[in-house]
Amino acid sequence: MAEITDALIDSTVAMMPQHAVCMNLFEKINIPKGHNSALIPRQNSTFTVQTPTEGDEIVTNSQFDLTSTTISPTLRVIKVRISERAKYFSKEDVTRLVSKELARAEGQDLDQDLLAEFVNFGITDVGTTNTDLVLSVLRTARRALQDNSVANGGPAENLVTVLSPIGAEDLVTNLGVQGVVSSNNPWIPAGLSEQFIREYMVQGVNLVGVPIFVDGYMTVDGNSDKIGAMASRQALQWVVSKDWDMRTFEESDWVGVILRAVADYNSGVGKFANWGVPIIQDDA
């Protein structure tokens, strides 16, 4: 295990993005050494264009004010006991299997941390509880983000949508991916439905001009729904003071090797809350 630790780390880091959709979508901020939190600034004032008459003094000034959000990291630990019998297998097999599960566990933790922030977005959620997701909900979400006031950060840019697997399935069903609806309808109606049947929501495909991503780590809320979101890529930040590392130990009361991975990070809505809107999706 000591010999393959570096290979484990490299393999785990390489696979994490495959298991954590949101870590690729939102903003990562590294906390420099000597600091225990990230201070994320944002503008807290707007400027006004004046139309003075020739010769008049400019008596009104615009002021530039800043405010900020502080996000402090939380320590994360994975401790794994690896049996002595693992040495009977090849180093390649052990590296592949252990790093895959580490990537899944570490990626899921980060992903769920980011997903939990969706309810903290400032625009009123769209969609209806216990109701299948339809395309018009995404249309409404995009309009709400584009209509955001200047005082609240202005129109949100560089948008992405994150949905649950069932929410995404309901959405493509609404678009026509449902086979024969009646004897008068073809299996594959030409146009948008045909494109979605062929691709079936490949990650990043666009709807209403916004890339769609499906995340299987969303948890069910008290109404048997899952909360996705449409948001700017700058709406959420995950701050890191220590990326995942790995060390091995041997203890006398365990036949095998102890593997310990440690990281220190957290996420939050660091800039404008109105750069995101929660999307309610029935999970039935």
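Analysis parameters
- The numbers attached to residues start from 1 for each chain and follow its sequence in the written order.
- Reporting in this predicted model follows two pLDDT cut-offs: at least 70 for local features of residues, and 80 or more for side-chain atom pairs to be given and counted; totals over whole chains, interfaces and linings ignore these cut-offs and use all residues.
- The basis for every side-chain value is the complete set of non-hydrogen atoms in the structure, without hydrogens or water.
- We count a stretch as a helix when DSSP gives it H or I for four or more residues in a row; a strand needs E for two or more, and each element gets its number in order from the N terminus.
- Throughout, radius of gyration means the C-alpha value; the globule benchmark is 2.2 Å times the number of residues raised to the power 0.38.
- With a 1.4 Å probe rolled over the protein chains alone, any residue whose accessible area is under 20% of its type maximum counts as buried; one over 50% counts as exposed, and the rest are partly exposed.
- Pairs of residues are marked as contacts when any of their non-hydrogen atoms sit within 4.5 Å.
- When DSSP finds two or more bridges between two strands, those strands count as paired.
- Fitted lines through C-alpha atoms serve as axes, helices being fitted only where they are in contact, and the angles separating the N-to-C directions of these axes extend from 0 to 180 degrees.
- Should a side-chain nitrogen of Lys or Arg be within 4 Å of a carboxyl oxygen of Asp or Glu, the pair is scored as a salt bridge.

Engineer: Sorry, what's going on with the overall build of the chain here?
Structural biologist: Looking only at helices and strands, one finds 5 helices and 11 strands in the chain. Its C-alpha radius of gyration of 24 Å places the chain more than 25% over the 19 Å reference for a compact globule of 284 residues. Once the C-alpha set of the chain is aligned to its principal axes, its extents read approximately 85 × 70 × 35 Å. The buried share of the chain, taken over its 284 residues, is 42%. When contacts within the chain are restricted to residue pairs at least 6 apart in sequence, long-range pairs at least 24 apart make up 79% of them.

Engineer: Any chance you could explain the sheet that holds strand S4 (residues 74–83) here in plain terms?
Structural biologist: Strand pairing within a sheet occurs via backbone hydrogen bonds; the two strands may be parallel or antiparallel. In spatial order, the strands read S1-S9-S10-S4; together these 4 strands make up an open sheet with mixed pairing. For this open sheet the edge positions go to strand S1 (27–30) and S4, each flanked by a neighbour on one side alone. Ignoring strand direction, the axes of neighbouring strands in this sheet form an average angle of 30 degrees. Of the pairings in the sheet, the one linking S1 to strand S9 (residues 237–249) comprises 4 bridges and is parallel in character. Counted as the bridge partner of glutamate 27 is glutamine 237 from S9. Packing against the sheet, helix H2 (residues 91–115) makes contact with S4, S9 and strand S10 (256–268), and its axis sits at approximately 20 degrees to S10.

Engineer: Looking at this structure, how should I read the pattern of salt bridges?
Structural biologist: Pairs can form between side chains of opposite charge whenever their charged atoms are close. Scanning the model with the defined rule gives 7 salt bridges in all. Between arginine 76 and aspartate 113 there is a salt bridge; the shortest N-O distance is 3.3 Å. Taken as a pair, arginine 76 in strand S4 and aspartate 113 in helix H2 lie far apart in primary sequence, 37 residues in all. Each member of the pair, arginine 76 together with aspartate 113, is buried. In this structure, the salt-bridge partner of glutamate 101 is arginine 104, at a minimum N-O distance of 2.4 Å. Of this pair, glutamate 101 and arginine 104 both sit in helix H2, 3 residues apart, roughly one helical turn. Here the salt bridges do not stand alone but share partners, grouping Arg76, Asp109 and Asp113 into one network.

Engineer: What exactly am I supposed to notice about the environment of leucine 110 here?
Structural biologist: Topologically, leucine 110 is positioned in helix H2. Among all residues touching leucine 110, those that are not within four sequence positions of it are Met16, Met23, Trp238 and Tyr265.

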